[in-house]
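Descriptive structure summary
Residue strings, one per chain:
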Amino acid sequence: MGAKVVVVGAGAREHALAWKLSRSPHVAHVFVAPGNAGMPVCFERWDLGSFEAFAKRCVVEHIDLVVIGPDNPLAEGITDILESHGLLVFGPSRKAAQIEASKSFAKDVMEAARVPTARFKVCDSAADAKKVIENESWPNGLVVKADGLAFGKGVHVCDNEEQALKAVAELAPHSPRLLIEERLAGEEVSWMAFCSGVDCSLLEPARDFKRLLDQDEGPNTGGMGALSPVPGVPAHWAERMQREVFEPTLRELQKRGCEFKGLLYAGLMVDFAQDRYWVLEFNARFGDPEAQVLLPRMKGDLYEWCRASAKGELAGWPRIVPFSEESAVTIVAAAPGYPQAPQSGILIEGFAAKSREDTMSAVPPLFSAAVKKDGDGFVSAGGRVFSVLGMGPSLKVAREKAYAHFSDLSFKGMQLRRDIGEKESRSQALPRIAIFASGRGSGFGAILNAIKNKELAAQVCVVFSDKNDAPVLELAKREGVPICCVDFSKFGRARRAEFEERVIAEMRTFQPDFLVFAGFMRLVSRFFIDAFRSPKGYSRIVNIHPSLLPSFPGRDSYAQAFEHGVKITGVSVHLVEEEMDGGPILAQEAFDISDLRTASEVEKRGLSVEHRLYPKVLNWFLQEQFQVETLSSLASEIAGRRTRVLQN
Ligand code: GAR
């Protein structure tokens, strides 16, 4: 017989949880307590009532698993009560849920577990907070937080002390204890994991959009939209998060007798260029609206993951939860007056028709939240009314699909952000190049300048080096470009295959469209080249070599040319194939060196040619290859261009 599951909560997140659980082959019935009127009727609704009464009903109905959606019941101890009746619960105990319910507890745990977080002070009165604000220096602005739960509205991000004092005046009447924190700059990332005891399995990261208005203006809300995957998050960060954030936090909670099981959510501020992050907060449950993008992307069976976490049996499970390659974007439709005073009772046009599409598609087009039935129609019944979902092969497509739902779905005064995923999909649209360099990086510098001057339409998604101490890494850091290094010396020739596998794995996370070698002094194998080969069969690795190939392959080519006494040498841009400095030549430029007296003069002249030629060739090559979908003509095109010699 199939399992019976109850989802506790009433929002769009709970709709997403109920939908995902209902897709499990092990699950026969999904109940929602209390759910909302906009959810499909297949999810039978229960009153939540008192936790005791709810627990008894679960026992009578032989419920196999209870999944808790929101933070409040967790903080009030719903898990403890349900468990005392012998029920299996996905969600932490009241003590463990303090990681979310008390900001000061969370900070204390983070400090003890050495999890990077913002500088902070806990204040037990408004007067205390005022003193901290006025007496300490906050050069980057401050964040004032209510210590307890506040439905995502207890956080004020302030530019200066004056704003912070205003925030204290607003929050103090609701929360006697306040946190004053330094404001951090960077990009926000939400990272979640199934946890039990000290074991955890990470989901892919997501991003939510907390402010009410476009361009992150306006007051904080529960969340106005979300997307996943998050461009720019390196794959190796999953392991890093596990090691540096989740595991130490779980161990610290266990040490304090607050063993965590359920879903732990780390809200991060990330500085990709500096390869740094800070945990802003922990939550003890799925994010809303992050759940609405993560669950549709998650492969596999949510019921089994929740059960294993709830039973404390995660130990043997994969440490990374499998996800589909698709992108997902969700947009929240909020009532007029939200977040201060949302208006209820507004008719939602197109709601019934849109939710009927649910049964026809693999993923629901919308997740309903503050929705009530009114006669034949549906009306708003609170702040965040529903969220729509778009999925596709890129964030751009996912975003377009999500916004398209509003062509036949709206209500009077509907508040909607128009910029969810705009920046992220734009950054996905330019060809992404990974620079591979082993040395000083003057070639990388020239490429970056060309991008800044709009001569090269591309984005550098990462600078990779095979040497820990390569100056190019420092240059990339200064320029705010993400870096990645797999030090070859740790592998050596005998373990070249392992080195390459590692580099390929790292690159998967940066998702480059092309690799651009700029002074990368390492031969790569066919295996490596094939890992980046286009489906049409051409190499997606470009190199610049300091000679007119096939003359002077290998190292020190300018010196070789000088020593041979040639009068003319040059540079070649070519696609990388297995043979050293072989592969189809895209362009060459020759220059006279008959007047030069030393090899270093030759190099100087050569570099100035390289720095002009390489961005130019990359521009036409990347644009053509990136935009032209059918690449069958590429081979003949390359053959046509390979003899092209650009003269000064
Ligand atoms: C450049 O001259 C480049 O052509 C060469 O290394 C130099 C790197 O300088 N590449 C090769 O020889 C590849 N076989 P950089 O680190 O200042 O860009």
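Residues numbered from 1 in each chain as written. Predicted model: local features only at pLDDT ≥ 70, side-chain atom pairs only at ≥ 80, totals over all residues. Heavy atoms only, no water.

To continue, consider the overall build of the protein. Along the protein, the regular secondary structure elements total 21 helices and 32 strands. With respect to the principal axes defined by its C-alpha atoms, the protein has extents near 95 × 60 × 50 Å. Considering the protein as a whole, with its 648 residues, one finds that 56% of them fall into the buried category. Across the protein, every contact between residues at least 6 apart in sequence was considered, and the portion connecting residues at least 24 apart equals 69%. Within the structure as shown, the protein displays about 27200 Å² of accessible surface, and the carbon and sulfur contribution to it stands at 50%. (Helix = DSSP H or I, 4+ residues; strand = E, 2+ residues; numbered from the N terminus. Buried < 20%, exposed > 50% of the residue type's maximum accessible area, 1.4 Å probe, protein only. Contact = heavy atoms within 4.5 Å. Areas by Shrake-Rupley, 256 points an atom, 1.4 Å probe, with all protein chains shown as cover.)

Grouped together as the largest cluster of nonpolar side chains are 77 residues, with contacts concentrated most on F54, I99 and F386. Not counting residues up to four positions away in its chain, the partners in contact with F386 are I331, V332, A333, I348, F351, F367, S368, A369, F406, L409 and F411. With 45 residues, the next largest nonpolar core counts F90, A206, L263 and A369 among its residues. (Core = buried A, V, L, I, M, F, W, Y, C linked by side-chain atoms within 4.5 Å.)

Evaluation of the coordinates by the stated rule reveals 23 aromatic pairs. Consider the rings of F514 and F621, whose centres lie 5.8 Å apart with planes at 65°: the pair is edge-to-face. Of the two residues, F514 sits in strand β28 (residues 514-517) while F621 sits in helix α20 (residues 599-627), which places them 107 residues apart along the sequence. Like F621, F514 is buried. Ring geometry for W620 versus F621: centroids 6.3 Å apart, planes at 80°, classification edge-to-face. The pair W620 / F621 is uniform in exposure class, with both members buried. Through a chain of ring-to-ring contacts, three or more aromatic side chains come together here, namely F436, F464, F517, F520, F528 and F532. The ring centre of W46 lies 4.1 Å from the NZ or CZ of R57, which sits over that ring. One Lys or Arg, R240, reaches over the ring of W237 and ends 5.0 Å from the middle of that ring. (Phe/Tyr/Trp six-rings, centres within 6.5 Å; stacked < 30°, edge-to-face > 60°. Lys NZ or Arg CZ within 6 Å of the ring centre and 35° of its normal.)

Relative to each other, helix α7 (residues 126-135) and helix α8 (residues 161-171) sit at 170°, their axes nearing to 10 Å. One finds that α7 runs roughly antiparallel with respect to α8. Contact residues: α7 offers A126, A129, K130, I133 and E134, while α8 offers E161, A164, L165 and V168. Taken together, the residues that form the contact of α7 with α8 break down as six nonpolar, no polar and three charged. (Axes fitted to C-alpha atoms, helices over the stretch in contact; angles between N-to-C directions. Parallel < 35°, antiparallel > 145°, perpendicular 65-115°, else oblique. Nonpolar A, V, L, I, M, F, W, Y, C, P; charged D, E, K, R; others polar.)

Before going further, it helps to spend a moment on the pattern of salt bridges. Evaluated as defined, the whole model comprises 41 salt bridges. The residue E239 makes a salt bridge to R243 at a minimum N-O spacing of 2.9 Å. Residue E239 and its partner R243 are both found in helix α9 (residues 236-255); the two are separated by four residues, about one turn of the helix. Each of R526, D530, R533, E577 and E578 takes part in one network of salt bridges that share partners. (Salt bridge = Lys/Arg side-chain N within 4 Å of Asp/Glu carboxyl O.)

Our next topic: the site of the ligand. Taken together, the neighbourhood of the ligand is formed by 13 residues, with R440, G441, S442, G443 and E610 sitting nearest. Contacts to the ligand include R440, whose side-chain N or O atom sits 2.5 Å from an oxygen atom. Coverage of the ligand by the protein amounts to 90% of the 450 Å² it exposes when considered alone. Contributing elements (two or more residues each) for the shell around the ligand: α15 (442-452), β29 (541-545) and α20. Tallied by class, residues from the shell around the ligand come to five nonpolar, five polar and three charged. (Near = heavy atom within 4 Å. Polar contact = N/O pair within 3.5 Å; in protein donor to acceptor, adjacent residues only side chain to side chain.)

Residues three or four positions apart in an α-helix share a direction because the helix packs 3.6 residues into each turn. Residues of helix α16 (residues 471-478) that are buried include every one of V472, L473, L475 and A476, and no others. Angular distribution of buried residues about the axis of α16 spans 160°; they occupy a single face of the element. Buried residues in α16 make contact with α15, β26 (459-465) and β27 (483-485). One or two steps after α16, the chain reaches G480, where phi turns positive at roughly 75°. (Arc of directions from axis to C-beta.)

Take the sheet that holds strand β9 (residues 178-182) next. Pairing in this open sheet of four strands is antiparallel, and the strands run β6-β9-β7-β8 from one edge to the other. The open sheet has two free edges, formed respectively by β6 (120-123) and β8 (155-158), since each of these has just one partner strand. The average undirected angle you get between the axes of adjacent strands in this sheet is 15°. One ladder, built from four bridges, connects strand β7 (residues 142-146) with β8; its direction is antiparallel. (Pairing = 2+ DSSP bridges.)

The element helix α11 (residues 302-310) is extensively covered by neighbouring structure, given that seven of its nine residues are classed as buried. Inspection of α11 places L302, Y303, W305, C306, A308, S309 and A310 among the buried residues, and these make up the whole buried set. Here α11 starts with a cap whose side-chain oxygen sits 2.9 Å from the backbone nitrogen of Y303, and that cap is D301. Phi turns positive, to about 70°, at G312, one or two residues after α11.

Here we take up the environment of R426. Positionally, R426 belongs in helix α14 (residues 422-429). Measuring from C-alpha to C-alpha, the distance between R426 and S572 comes to 32 Å, with 146 residues separating the pair along the chain.

This brings us to the sheet that holds strand β2 (residues 27-34). Taken in spatial order, the five strands of this open sheet run β3-β2-β1-β4-β5, and their pairing is parallel. The open sheet has two edge strands with one neighbour each: β3 (44-45) and β5 (89-90). Note that strand β1 (residues 3-9) and strand β4 (residues 65-68) share four bridges and pair parallel. Within β4, the position partnered with V8 by the bridge is I68. Helix α1 (residues 12-22) contacts β1, β2 and β4 of the sheet and is inclined by roughly 170° relative to β1. Packed on one face of the sheet, α11 meets β1, β2, β4 and β5 and runs near 95° to β4.

Counting buried residues along β29, five of its five residues qualify, which places the element largely inside the surrounding structure. Along β29, one buried face is formed by I541, N543 and H545 and the opposite face, lined by V542 and I544, is buried too. Where β28 and β29 come together, three bridges link them in parallel fashion. Of the residues in β29, the one forming a bridge with F517 is N543. Following the backbone out of β28, through helix α18 (residues 526-531) and into the adjacent parallel β29, one traces a crossover that is right-handed. (Right-handed = clockwise from strand over helix to strand, strands pointing away.)

Before going further, it helps to spend a moment on unusual backbone geometry. Across the junction of S228 and P229, the peptide omega takes the value 5°, indicating a cis bond. Within the secondary structure, P229 sits in the loop between β15 (225-228) and α9. Between Y338 and the following residue, P339, the backbone shows a cis peptide bond with an omega angle of 5°. A positive phi is found at H62, a non-glycine position, where the angle reads about 55°. Along the chain, H62 falls in the loop between α2 (51-60) and β4. Residue classification places H62 among the exposed positions, given a relative accessible area of 60%. A positive phi angle, near 60°, is found at K454, a position not held by glycine. Structurally, K454 is set in the loop between α15 and β26.

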